[in-house]
Amino acid sequence: DQPLGGGATAVARAHSNIALVKYWGKRDAALNTPAVGSISVTLAALYTDTRVTFRPDLSGDEFWLDGSRSDATRVSRVLDLVRRRAATDRYAVVSSTNNFPTGAGLASSASGFAALAVAAAGASGLTLADRELSILARHGSGSAARSIFGGFAEMHAGVAADGSDAYAEQLLEPADWPLSVAVAITERGEKSINSTIGMGESATTSPFYQAWQDSAADDLAEMRAAIAARDFARLGELSEYNCLKLHALMLSTRPALIYWNAATVAAMHVVRGLRADGVPAYFTIDAGPQVKVLCLPADSAAVRGALALVPGVHEVRMSALGPGAHRLE
Ligand code: 2P0
């Protein structure tokens, strides 16, 4: 047993994020580097709290998610990297709670692995820069690399063979451009197709995959420009375009990845109706049936009210842009 330098326990909170320019496809599966870069906003209202305790008496890592013992394989992948850096052979008990439904397309893996990276580094006594935490989180889930940062973040696909340049960076603090996001929950259960498997199938079967990769750089450049100019209409239009391009890729995968339900589609039409009525609101949808709607804070009540009336929408959660991952204890 190798004693640890830190206190052996740490608790961290990380917020979920939604990508405006999305990640789908891997450059290197073992390193979990993405095939394309991505740009996201971090959500204040959706978060994961994770406690990590390294103990001398364990024969393997233990993972508890929302109070239930869960498979620790992906958690151990991150912990193995921490153990190597901290020069310890101790296993850990990891306990995570989400304040939102797990595994339903609300990016619980993003907040979860970002919280794990910060808590595991802290519990092992390591002091890591945000860039290193982002790389560590990436090994758990690609989208988690972005949740290390608050506000707007960009994930770089990178080119290095060792994954050392595949990390996220902050573009803006939340206060630099306060936006609101309405999250319309159309399904509470865990019905999504696992993203890792889904994106692998898209890469090998969809005739649109090459076009998806080839057009990513243009979308990223345009989104960076929209953010720099605080041009909300441009940001929103591009978010919808990139989202629908991703779903065209998913729909053209064999077997097809159909993440939408009837309420998902109804909500998309309601958002377009809001725009026709002069309310600037734009949707984005990840690998699940929930609809996230970007709007200005002044319009958040109107957007929430319109989404709440959509048949099949169970709940609408409003969120501001949130902070980066941080220690609670
Ligand atoms: C994203 N998604 O950019 C995209 C949009 C879903 C749709 O990143 O295999 O759970 O763990 O790295 O991060 C979901 O994929 O995938 C995702 P892995 P992850 O947010």
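As the structure is a computational prediction, the values presented were derived from the model and not from experiment. (Residues numbered from 1 in each chain as written. Predicted model: local features only at pLDDT ≥ 70, side-chain atom pairs only at ≥ 80, totals over all residues.)

In this section: the site of the ligand. Close to the ligand lie 14 residues; A19, S141, G142, S143 and S195 are nearest. Taken together, the residues that form the shell around the ligand break down as 4 nonpolar, 8 polar and 2 charged. Here the shell around the ligand spans two domains, and each of domain 1 (9-173) and domain 2 (180-320) adds at least three residues to it. (Near = placed C-beta within 6 Å. Nonpolar A, V, L, I, M, F, W, Y, C, P; charged D, E, K, R; others polar. Domains from an automatic or database assignment.)

Quick look at the domain arrangement of the protein now. When cut into domains, the protein gives domain 1 (9-173) and domain 2 (180-320). Listed as interface residues are 26 residues of domain 1 and, on the opposing side, 35 residues of domain 2. Counting only elements with at least two residues in the side of domain 1 that touches domain 2, the list comes to β1 (9-21), β4 (38-55) and β9 (168-172). Of all the elements, β4 adds the most residues to the side of domain 1 that touches domain 2, at 6 residues. When grouped by side-chain class, the residues that make up the side of domain 1 that touches domain 2 number 19 nonpolar, 5 polar and 2 charged. (Contact = placed C-beta atoms within 7 Å. Helix = DSSP H or I, 4+ residues; strand = E, 2+ residues; numbered from the N terminus.)

To describe two helices that pack against each other, one gives the angle between their axes and the distance between the axes. It is the contact of helix α2 (residues 108-123) with helix α3 (residues 130-140), at a shortest axis distance of 8 Å, that shows an interaxial angle of 125 degrees. When the axis of α2 is compared with that of α3, the two are oblique. Crossing handedness for the pair α2 and α3: right-handed. Where α2 approaches α3, its residues F113, A114, L116, A117, V118 and A121 are matched on the opposing element by L133, L136, A137 and G140. Here the contact of α2 with α3 is composed, by residue class, of 9 nonpolar, 1 polar and no charged. (Axes fitted to C-alpha atoms, helices over the stretch in contact; angles between N-to-C directions. Parallel < 35°, antiparallel > 145°, perpendicular 65-115°, else oblique. Left-handed = near helix turned anticlockwise from the far one by under 90°.)

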